[in-house]
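# Structural characterization, general
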Amino acid sequence: MTDQQALLATTTSAVRAIIDEKVAELVAAGTARPKVGLVPTMGALHDGHGALFEQARAENDLVIASIFVNPLQFDQPEDYEHYPRDLEADLELVTEYGGDIVFAPSTQHMYPGFPDAPHIRVSAGQMGQMFEGASRPGHFDGVCTVVAKLWNILMPPPPAVFRSYFGRKDAQQLAIVTRMAKDLNIDVKIRPVELVRAPSGLALSSRNVRLDDHGMEKALGLSKALHFLSDQATRGEPLDISAARDMIRAHEDVDLDYLEIVDPDTLTPLTEEQLAAPLEREALALVAAWVPPVRLIDNMLLSP
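Residues numbered from 1 in each chain as written. Predicted model: local features only at pLDDT ≥ 70, side-chain atom pairs only at ≥ 80, totals over all residues. Heavy atoms only, no water.

Next up on the list: the environment of K189. Position of K189 relative to the elements: it lies in strand 6 (residues 189–193). A C-alpha to C-alpha distance of 8.2 Å links K189 and V161, two positions 28 residues apart in sequence. (Helix = DSSP H or I, 4+ residues; strand = E, 2+ residues; numbered from the N terminus.)

Before going further, it helps to spend a moment on the pairing of strand 5 (residues 161–167). Most of strand 5 sits inside the fold, with six of its seven residues counted as buried. One ladder, built from four bridges, connects strand 2 (residues 35–41) with strand 5; its direction is parallel. Note on strand 5: the bridge partner recorded for K35 is V161. Bridge count for strand 5 against strand 6 is five bridges, and the pairing is parallel. From the neighbouring strand, G167 faces strand 6, where its bridge partner is V193. With helix 8 (residues 171–183) bridging strand 5 and its parallel neighbour strand 6, the resulting β-α-β unit is right-handed. (Buried < 20%, exposed > 50% of the residue type's maximum accessible area, 1.4 Å probe, protein only. Pairing = 2+ DSSP bridges. Right-handed = clockwise from strand over helix to strand, strands pointing away.)

As a further point, take the pattern of salt bridges. Note on pairing: side chains with opposite charge can pair once their charged atoms come close. Counted according to the given criterion, the structure contains twelve salt bridges. Its salt-bridge partner being R57, residue D100 comes within 2.9 Å of it at the nearest N-O pair. Of the two residues, D100 sits in the loop between helix 4 (87–96) and strand 4 (101–103) while R57 sits in helix 2 (residues 50–59), which places them 43 residues apart along the sequence. Overall, the relative accessible area of 23% leaves D100 in the partly exposed class. (Salt bridge = Lys/Arg side-chain N within 4 Å of Asp/Glu carboxyl O.)

Moving on: the packing of aromatic side chains. Any two aromatic rings considered together are summarised by their centre-to-centre distance and by the angle between their planes. On inspection of all chains with the given rule, the structure shows five aromatic pairs. Seen from their ring centres, Y111 and F114 are 6.2 Å apart, and the 35° between their planes marks the pair as tilted. Stacked on the ring of Y80, the Lys or Arg R85 has its end atom at 4.9 Å from the ring centre. (Phe/Tyr/Trp six-rings, centres within 6.5 Å; stacked < 30°, edge-to-face > 60°. Lys NZ or Arg CZ within 6 Å of the ring centre and 35° of its normal.)

What follows concerns unusual backbone geometry. The amide bond that connects P158 to the next residue, P159, takes the cis arrangement and shows omega of 10°. Tracing the backbone shows P159 in the loop between helix 7 (139–154) and strand 5. Across the junction of P292 and P293, the peptide omega takes the value 10°, indicating a cis bond. Relative to the assigned elements, P293 resides in the loop between strand 8 (283–291) and strand 9 (294–302). At F131, a residue that is not glycine, the phi angle is positive and equals roughly 55°. Here the phi dihedral of L267 falls at roughly 65°; this positive angle occurs in a residue that is not glycine. Tracing the backbone through its elements, the reader meets L267 in the loop between strand 7 (255–262) and helix 11 (272–275).

Okay, here's the thing in structure tokens:
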């Protein structure tokens with residue numbers, strides 16, 4: 001936590017100048033390899049983002065937050081237009097959690113000529129076409145394009161170490177950006193931040209506020225199904241994914257989109273033969289379902 005207001009920059013040249021200056025100050029003060037952490041966001045920040053900033057603050061000498069509502073991630077123009085924007089409130093929250101710098105560019109600064117640009121985009125490949133990508137075509141291409149741009153803009157100069165923070169709540173996004181950094185040889189260390197759950201077991205999400213008491217009870221079916229699979233894996237039992245799906249479908253009005261068990265690195269679903277035998281290595285259970293009036297996602301790492 002800090003009482004000093006986070007510095008705001010809205011252009012690439014301005015934010016790079018601030019980062020260069022801060023890294024130089026740290027080196028001059030005796031920090032041989034300053035650690036710089038980036039928390040990429042689309043704004044509308046709330047305390048649920050706090051875990052990202054808290055981990056970044058604990059692990060780095062300098063913490064940067066990016067706030068940019070990325071139009072390439074939206075498949076419905078009206079959703080993009082109505083996405084909440086409150087930069088003043090976001091600045092206050094970043095400051096509260098100890099952030100040092102906020103990069104909040106305009107759409108035209110990030111994508112000159114938008115909506116006709118950018119012409120060149122980063123593809124998430126097969127990993128971006130399944131699960132959430134199947135429901136939102138092109139979404140992960142938009143994520144990869146903006147994250148790659150942010151890494152390029154905000155990467156600190158040598159000898160600094162650069163880290164980027166992503167929540168495990170969006171497990172598919174985490175897997176994709178991790179793979180992108182590796183495949184494109186981008187010198188950034190991906191730092192996962194643990195998923196935060198309410199005492200009931202429900203994964204925290206800004207969408208939860210739209211659920212009434214009955215909706216919250218139905219939503220708990222997702223985490224209960226994941227814990228069921230986790231317990232089976234821990235006991236060395238075959239994974240009964242059909243029974244887990246039935247646990248979710250047992251709730252009236254809940255529409256299961258998918259529940260799959262996948263390789264955490266590639267998102268490739270485990271085969272029937274693999275599910276029928278005790279796990280030999282970690283796997284990831286992914287689930288998404290409509291619990292009126294919202295669509296919820298959750299996941300859990302399964303350990304043998």
